[in-house]
Amino acid sequence: MQVFPPRVLPTLLLTTTLAQAVSGQTFTRRSDLLANPSGRSGGCVGVADMDGDGFDDIIRLHQSRTVQIEYGSAAGTFTQHAYGAMATTAQWGFAVGDTDHDGHKDLVSGGSGQSGHFLSIDARGVSALSQLDQGVMFMQCMNMVDVDNDGWLDVFGCHDDAAPRIWLNNGSGAVSYNNYINFATDPTSDMSGNYGSVWTDFDNDGDVDLFIAKCRQGVTNSADPRRWNRLFVRDASNQYSDQALAFGMQSREQSWTTDFGDIDNDGDLDAVITNHSTTMQVFLNDGTGHFTNATAGSGLAITASFLQAKLEDLDNDGFLDLITAGNLGGPGAEYYFHGNGNGTFTSMPNMLPEPAAGYILHSFALGDLDHNGTIDVYASYGNGYVGYSSTLNDQLYLNNGNTNHFLNFDLRGVQSNRDGVGARVTLYGPWGTQIREIRAGESYGMVCSFTAHFGLGAQLEADSAVIRWPSGTVDRIRRPAADQWIHVTEGETRTALVAVDVLLDGPYVAATGLMGDALRVNGRIPEVEPYTALGYTAVGDHIRKVAPSVLAMTGNDAIVDWVWLELRTGSGAATVLRSRPALLQRDGDVVELDGRREVAMGLADDSYRVVVRHRNHLGVMTASAYALSATPTAVDLTSNATATWGTDARRTVGTRMTLWSGNVLSDNQIKYTGGGNDRDLILQAIGGTVPTATVNGYLAGDVNLDGTVKYTGGGNDRDPVLLSVGGTVPTNTRMEQLP
């Protein structure tokens, strides 16, 4: 698992920020940050990390047909690559996803009376356009999802004039038509009127099902099945059957779009449906997948010509909010509703500071485009259904944030599809249960970020996060700290578990057999691991931030400091296969960042040499490889019986073994005198002139890890350096025993 820090952008004084009349979230218009501020989308617009660099990008069908991707960066700037026109006419639906597992998301789209289009993207600016077979249709919403659960993304398209269509992946990224689901109706119909589609696990059984919002224009008879919303439930054999009526979701209105989200944080997915024949509707899930119409009193009984609807936590208070859009004539369907967390919503007028009167939000996409832990809005001001404006450019609105906290999860599948589409992240905490699903294409032809975003309100950590993958694999992360991005590779919390014991000589007290935790007691252990800043190279994903409650633990399990773990192999064991930070407890246990469990290194079952390193102690490696698996393997580096690589890699203290202390320079050796010695750095840390001075902090010169750097007197940090080189000959050196 890996963490990226929040990014802060400079403020532009010329833009305006519009506050809410009620306590809603505020945004600032920052279209000046776009590489192409003159882009004009229709209905199809998206936000997603297209190249796997950890930053959300903007996907735009300029003038409803030409693909332009604005790639985000750590600096908060965008670089545009144009990929040409998908077609000569407007596109009604599109979706993105990595169909060939090359790390770059591909794009599909479709329009009216034409073939579907497939754009394979191999690198920034490098692509190939082809046509979907049997793709001539009147495309509406499109999705990418693993329909047959073979680990590869397939393509789904709603058809306005006939049954939806599916293109299955052949396992190498190419898709071809397959009539995988029987869309026949009873009574018989032409199966037309398919508008918005959502692939969601509404019944909490571990697989994604398919909901289709139905709207057959001109059909006024509610007994006509072309108006019946459909819910195709997947069974254990990956087969689908329409059970909308049985689960209470066969609304027979003219529905346009639907979104599923847990609007009351009770652990199941509820639904919001936009309609053109009645008001918007709210359906609450009873926990078994059965729904009850709860529109009355919800605050969403609004009538409008809706085109888009999306649930998202915009103010990070832990409750899902709602944005709707549509410029189909009249006053438009631009609404913002603050979720109250109990199935009701409060209208928030004028949330976006639009440039002028006459801007009516037509379509949009959501994601964290400035990478600061809040959800931003990329907005289209088109018209009709998928028409683009001839005068109004798209706009970028950045969330101003507040004091609330967040947690973000980015997933990468291994057995499941690489993008983790169809995976679910469930976050537990004082708020109850929050759920997010990874989707590729939703509402009516838009794409929102694949990052699972959670608001935490005032909470500084969650109790746990559970990631359930389409393959059935389950990853668990306990006590994750707030305000970080956690990158999770499928299965990594369950593999190569190692129970390491190690003692640092600096804080070790032989009389008690424990290390001191003065750094923790004095509040000097950083919440974010220090090794990345020190130049250590992380191999694989890892979490970098620890929760406050972990640092508050006392007794033998109190945290002493951060350490760095590696798994190595190859000739001379010089090849680092995986590396990551971990926590060290007073009794020598090296644990996960939850302060409890053995460390998961996230590699396949195999034999590896185990390395432990510390910022001012010499590292150590096992002499032989240890077999690691899902069952924790003990590696006791405090015992002389555990052989280590090299000569005198550890110090003997009574019956225990400790890591040599005093590598203040962090250069793989300990020197007391001469050029590049460690002693002088201790003197420099306290000012360089008065040897009796001291300085407090989390510092490399604090060899005994008591939170204070001392050059002379009792408990000083200079003497351990001399002891590590032998104690009598100051010109001796001690070399780290690592290849």
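Above: the structure in question.
Residues numbered from 1 in each chain as written. Predicted model: local features only at pLDDT ≥ 70, side-chain atom pairs only at ≥ 80, totals over all residues. Heavy atoms only, no water.

Student: Would you explain the overall build of the chain in this entry?
Tutor: Helices and strands together make up the secondary structure of the chain, namely four helices and 53 strands. Against the 2.2 N^0.38 benchmark of 27 Å for 739 residues, the chain shows a C-alpha radius of gyration of 29 Å, consistent with a compact globule. Here the C-alpha coordinates of the chain stretch approximately 95 × 55 × 45 Å along the principal axes. Buried positions account for 60% of the 739 residues belonging to the chain. In the form shown here, the chain has an accessible surface area of approximately 24600 Å², with 49% of it arising from carbon and sulfur atoms. Each charge sign in the chain was given a centre, from 48 positive and 84 negative side chains, and these centres are 5 Å apart. (Helix = DSSP H or I, 4+ residues; strand = E, 2+ residues; numbered from the N terminus. Rg over C-alpha atoms; globule rule 2.2 N^0.38 Å. Buried < 20%, exposed > 50% of the residue type's maximum accessible area, 1.4 Å probe, protein only. Areas by Shrake-Rupley, 256 points an atom, 1.4 Å probe, with all protein chains shown as cover. Lys, Arg positive; Asp, Glu negative; His and termini not counted. Charge placed at Lys NZ, Arg CZ, Asp CG, Glu CD.)

Student: Teacher, can you tell me more about the pattern of salt bridges here?
Tutor: Where charged atoms from two side chains of opposite charge approach closely, those side chains can pair. Under the counting rule described, the total for this entry stands at 28 salt bridges. Residue Asp 161 is joined to Arg 216 by a salt bridge in which the shortest nitrogen-to-oxygen separation is 3.4 Å. With Asp 161 in the loop between strand E11 (154-159) and strand E12 (165-169) and Arg 216 in the loop between strand E15 (209-214) and strand E16 (230-234), the pair connects residues that are 55 residues apart, well separated along the chain. The shortest N-O distance in the salt bridge between Asp 259 and Arg 439 comes to 2.8 Å. Here Asp 259, found in strand E18 (residues 255-261), pairs with Arg 439, found in the loop between strand E31 (432-437) and strand E32 (446-447); they are 180 residues apart in sequence, far enough to count as distant. Judged by its relative accessible area of 3%, Asp 259 falls in the buried class. Connected through shared salt-bridge partners, Asp 259, Lys 310, Arg 424, Glu 437, Arg 439 and Glu 442 make up one network. (Salt bridge = Lys/Arg side-chain N within 4 Å of Asp/Glu carboxyl O.)

Student: Looking at this structure, I do not really get the packing of aromatic side chains. What am I missing?
Tutor: Any pair of aromatic rings gets described here by the distance separating the centres and the angle formed by the planes. This structure, assessed with the given rule, holds 24 aromatic pairs. Ring plane angle 70° and centroid distance 6.5 Å describe the contact between Trp 167 and Tyr 177, whose orientation is recorded as edge-to-face. With Trp 167 in strand E12 and Tyr 177 in strand E13 (residues 175-177), this residue pair connects regions lying 10 residues apart in the sequence. With relative accessibility at 0%, the residue Trp 167 sits in the buried group. (Phe/Tyr/Trp six-rings, centres within 6.5 Å; stacked < 30°, edge-to-face > 60°.)

Student: I'm lost on unusual backbone geometry in this one. Help?
Tutor: Peptide bonds are trans in most cases, and residues, glycine excluded, mostly fall at negative phi. The peptide bond linking Asp 186 to Pro 187 adopts the cis configuration, its omega dihedral lying at 5°. Residue placement: Pro 187 occurs in the loop between E13 and strand E14 (194-200). Despite not being glycine, Asn 668 has its phi angle at roughly 75°, a positive value. Along the chain, Asn 668 turns up in the loop between strand E49 (656-659) and strand E50 (669-671). Exposure remark for Asn 668: the relative accessible area of 37% places this residue in the partly exposed category.

Student: Would you mind going over the sheet that holds strand E43 (residues 599-600) with me for this structure?
Tutor: Hydrogen bonds along the backbone pair up the strands of a sheet, which may run parallel or antiparallel. With mixed pairing, three strands are arranged side by side in an open sheet as E43-E37-E47. Two strands close off the open sheet at either side, each with one partner strand: E43 and strand E47 (633-636). In terms of strand pairing, strand E37 (residues 497-501) meets E43 through two bridges, oriented antiparallel. Of the residues in E43, the one forming a bridge with Leu 497 is Ala 600. (Pairing = 2+ DSSP bridges.)

Student: Where do I start with the environment of Phe 454 in this structure?
Tutor: With respect to the helices and strands, the residue Phe 454 is situated in strand E33 (residues 452-457). Look at Phe 454 and you get buried, because its relative accessible area is 0%. Along the backbone, Phe 454 and Val 108 are 346 residues apart, and their C-alpha atoms lie at a distance of 28 Å. Once you skip the residues sitting within four places of it in the chain, Phe 454 turns out to touch His 405, Phe 406, Leu 407, Asn 408, Phe 409, Val 425, Leu 427, Gln 434, Ile 435 and Arg 436. (Contact = heavy atoms within 4.5 Å.)

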